[in-house]
Amino acid sequence: MKILVINAGSSSLKYQLYNMEQESMLAKGRVERIGFESSILVHESMGKQEITEVSEILDHNVAIKKVLDMLIHPEHGILSSIDEINAVGHRVVHGGESFSSSVLVDAEVRQEIRKLFDLAPLHNPPAMMGINAVDANLPNVPQTAVFDTAFHQTMPPESYLYPIPKVLYTKHKIRRYGFHGTSHYYVSQKAAEYLGKPLEDLKMITCHIGNGGSLTAVLNGHSFDTSMGMTPLEGLMMGTRSGDIDPAIVPFTMAKEDLTMSEINSMLNKHSGLLAISGISSDMREIIEGVQKGDTNAKLAFDMYEYRIRKYIGSYAAAMNGFDVMVFTAGVGENASYLRKAICSNLTYFGIELDEQANEVRSSEIRRITTDQSKVTVLVVPTNEELVIARDTYELVKNK
Ligand SMILES: Nc1ncnc2c1ncn2[C@@H]1O[C@H](COP(=O)(O)OP(=O)(O)O)[C@@H](O)[C@H]1O
Ligand SMILES: CC(=O)OP(=O)(O)O
Ligand SMILES: [Mg+2]
């Protein structure tokens, strides 16, 4: 069975094609700058050369059409016909309280995803566009929705409620949902498997640090608390997102700077975080380069970023009354040994003893970066959200 996995963003679309019998990836790629004149499609079929195509891709419908054309391209493709695609799985960021597991997309599911546009204006509309685009181009193929929020539906009310009037929860569902759940789920499973211990017996902190970042306290295999909130803005300092700030800053700044709601939203989501403090970039690679060159703004940005991660680790240690395992994952977590070292070197109170040599190893494999004596085991676990989406999709469609 062949499954296409789609992760649609507002102006981008990432995809992977899987053969589920072997769980092997057949092709992957991304479309960037959808809606612009010069959109970019980067495609790679396994065993063939990567190809980059620049053209005008005005919407997600055209993007999907281009991806399908590329999959059957005589030179760069991997399929002889698009009829070989048996199902399509979508990453849907916000599932609200309606979904605690992945589902087949039907009319009801569509309506629920649409209802959640309000809560995830940057993420759910493009996912819906992706679903509609697949409908238009592959009308008879079953589609599934895999939610970032699903794994976090096990959080207890003391974790997910905000201390504000309760009517806001009952009326508008204002609460913590948490995101990157597919990744937190995957890496926690992998970590337990690697250590040969039942996940149910472990207290784990998973650190998904990419462009967006979140930490999760995984208690006995379930999400107990997580740093992102009603939206993916809360929690850690991120590439361009502020993370936690005093909520009073919002009305204060709106008044002082005469900003609209959409302007303040854009400021906190797109013009804050590493980018704002460093004045250089939202990309951790460039921040670390800046630090190493002696740039003081880059250093301040790095220190704030690291300190805020460490504070969350401390609070989740308190939340679970200790922890046995900590996992680093996603673009920054998997690659930035410099950041991992800064974090771990300042957590010796918890009995973390970094193995500096192991920390510097570059690999795409799961690995331990603490010594044998370390009280807490720290691992680097490459995440694979697309594989989880493919597996869930396979489970949902295989007997249909
Ligand atoms: N070698 C590296 N060192 C430090 N940071 C890196 C490295 N490689 C990638 N990154 C960081 O990973 C981030 C992207 O992470 P990723 O998980 O792919 O994000 P997203 O899925 O949110 O787009 C980049 O912004 C970059 O800062
Ligand atoms: C939910 C979220 O923040 O996703 P990403 O990290 O991909 O932006
Ligand atoms: Mg990501």
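Residues numbered from 1 in each chain as written. Chains lettered and ligands numbered in written order. Predicted model: local features only at pLDDT ≥ 70, side-chain atom pairs only at ≥ 80, totals over all residues. Heavy atoms only, no water.

For the chain, the name recorded in an unreviewed UniProt entry is Acetate kinase, with Marinicrinis lubricantis as its organism. Recorded under Catalytic activity (unreviewed entry), the UniProt text for the chain is reproduced unchanged: "acetate + ATP = acetyl phosphate + ADP". Looking at the Pathway (unreviewed entry) heading of the UniProt record, one finds this comment for the chain: "Metabolic intermediate biosynthesis; acetyl-CoA biosynthesis; acetyl-CoA from acetate: step 1/2." (UniProt positions renumbered as here; feature names shortened; annotations may be inferred.)

Colleague: Describe the overall build of the chain, and please don't skip the residues or the numbers.
Modeller: Secondary structure assignment for the chain yields 15 helices and 14 strands. The C-alpha atoms of the chain give 21 Å as radius of gyration, which agrees with the globular expectation for 400 residues (21 Å, within 12%). Counting only C-alpha atoms and orienting by the principal axes, one finds that the chain spans roughly 60 × 55 × 45 Å. Buried residues in the chain amount to 50% of all 400 residues. For the chain, restricting intrachain contacts to residue pairs at least 6 apart in sequence, the fraction spanning at least 24 positions comes to 61%. By element, 50% of the accessible surface of the chain is carried by carbon and sulfur atoms, the whole surface being about 18500 Å². (Helix = DSSP H or I, 4+ residues; strand = E, 2+ residues; numbered from the N terminus. Rg over C-alpha atoms; globule rule 2.2 N^0.38 Å. Buried < 20%, exposed > 50% of the residue type's maximum accessible area, 1.4 Å probe, protein only. Contact = heavy atoms within 4.5 Å. Areas by Shrake-Rupley, 256 points an atom, 1.4 Å probe, with all protein chains shown as cover.)

Colleague: Now, about the site of ligand 1: what can you tell me, with residues and values included?
Modeller: The environment of ligand 1 is made up of 13 residues, and the closest members are Asn 211, Asp 283, Met 284, Gly 331 and Asn 335. A distance of 2.9 Å separates an oxygen atom of ligand 1 from a polar backbone atom of Gly 331. In this structure, an oxygen atom belonging to ligand 1 sits 3.4 Å away from a main-chain N or O atom of Val 332. Contact with the protein chains removes 70% of the 580 Å² of surface that ligand 1 exposes when unbound. Of all the elements in the fold, those that place two or more residues in the shell around ligand 1 are helix H10 (284-293) and helix H12 (330-335). For the shell around ligand 1, the element with the highest residue contribution is H12, accounting for four residues. Of the residues assigned to the shell around ligand 1, the class counts are four nonpolar, five polar and four charged. (Near = heavy atom within 4 Å. Polar contact = N/O pair within 3.5 Å; in protein donor to acceptor, adjacent residues only side chain to side chain. Nonpolar A, V, L, I, M, F, W, Y, C, P; charged D, E, K, R; others polar.)

Colleague: Got a sec to walk through the sheet that holds strand E1 (residues 2-8)? Specific residues and values, please.
Modeller: Here eight strands make up an open sheet; going across it, the order is E5-E4-E3-E2-E1-E6-E8-E7 and the pairing mixed. At either margin of the open sheet sits one strand with a lone partner, and together these are strand E5 (51-55) and strand E7 (103-104). Judged from the five bridges that link them, strand E6 (residues 85-92) and strand E8 (residues 143-147) form a sheet pairing that is parallel. What sits directly across from His 90, in E8, is Ala 145. Strand contacts of helix H2 (residues 107-115): E6, E7 and E8, with the helix running at about 35 degrees to E8, the strand carrying the most contacts. (Pairing = 2+ DSSP bridges. Axes fitted to C-alpha atoms, helices over the stretch in contact; angles between N-to-C directions.)

Colleague: Pulling in residues and values, what's your account of H2?
Modeller: Counting along an α-helix, one turn takes 3.6 residues, and residues three or four places apart therefore face a common direction. Buried within H2 are the following residues: Val 109, Arg 110 and Ile 113. Taken around the axis of H2, the buried residues stretch over an arc of 100 degrees, which confines them to a single face. Of the exposed residues in H2, the ones pointing more than 90 degrees away from its buried face are Ala 107, Glu 108 and Lys 115. In this structure, the buried residues of H2 make contact with E6, E7, helix H3 (124-137) and E8. Between the side-chain oxygen of the N-cap and the backbone nitrogen of Glu 108 there are 3.1 Å, and the N-cap of H2 in question is Asp 106. (Arc of directions from axis to C-beta.)

Colleague: Got a sec to walk through the environment of Asn 211? Specific residues and values, please.
Modeller: With respect to the helices, strands and loops of the structure, Asn 211 is situated in the loop between strand E9 (203-209) and strand E10 (213-219). Expressed as a C-alpha distance, the spacing of Asn 211 and Gly 243, which sit 32 residues apart in the sequence, is 12 Å.

Colleague: Could you give me a rundown of the site of ligand 2, with the residues and numbers involved?
Modeller: Every residue near ligand 2 is listed here: Arg 91, Asp 148, Phe 179, His 180, Gly 212, Met 228, Pro 232 and Arg 241. Within the side chain of Arg 91, an N or O atom sits 3.1 Å from an oxygen atom of ligand 2. Contact between ligand 2 and Arg 241: an oxygen atom at 2.8 Å from a side-chain N or O atom of the residue. Considered on its own, ligand 2 offers 260 Å² of accessible surface; in the complex 81% of this is hidden by protein.

Colleague: Can you tell me about the UniProt feature "binding site: substrate" (unreviewed entry) in the chain, naming the residues and giving the values?
Modeller: On the UniProt side, "binding site: substrate" (unreviewed entry) is annotated at positions that read Arg 91 here. Along the polypeptide, Arg 91 turns up in strand E6. With relative accessibility at 17%, the residue Arg 91 sits in the buried group.

Colleague: Go over the pattern of salt bridges, please, and point to the residues and values.
Modeller: Evaluated as defined, the whole model comprises 16 salt bridges. Across the salt bridge formed by Asp 148 and Arg 91, the nearest N and O atoms sit 2.8 Å from each other. Highlighted residues: Asp 148 in the loop between E8 and helix H4 (157-160) and Arg 91 in strand E6, separated in sequence by 57 residues. The pair Asp 148 / Arg 91 is uniform in exposure class, with both members buried. (Salt bridge = Lys/Arg side-chain N within 4 Å of Asp/Glu carboxyl O.)

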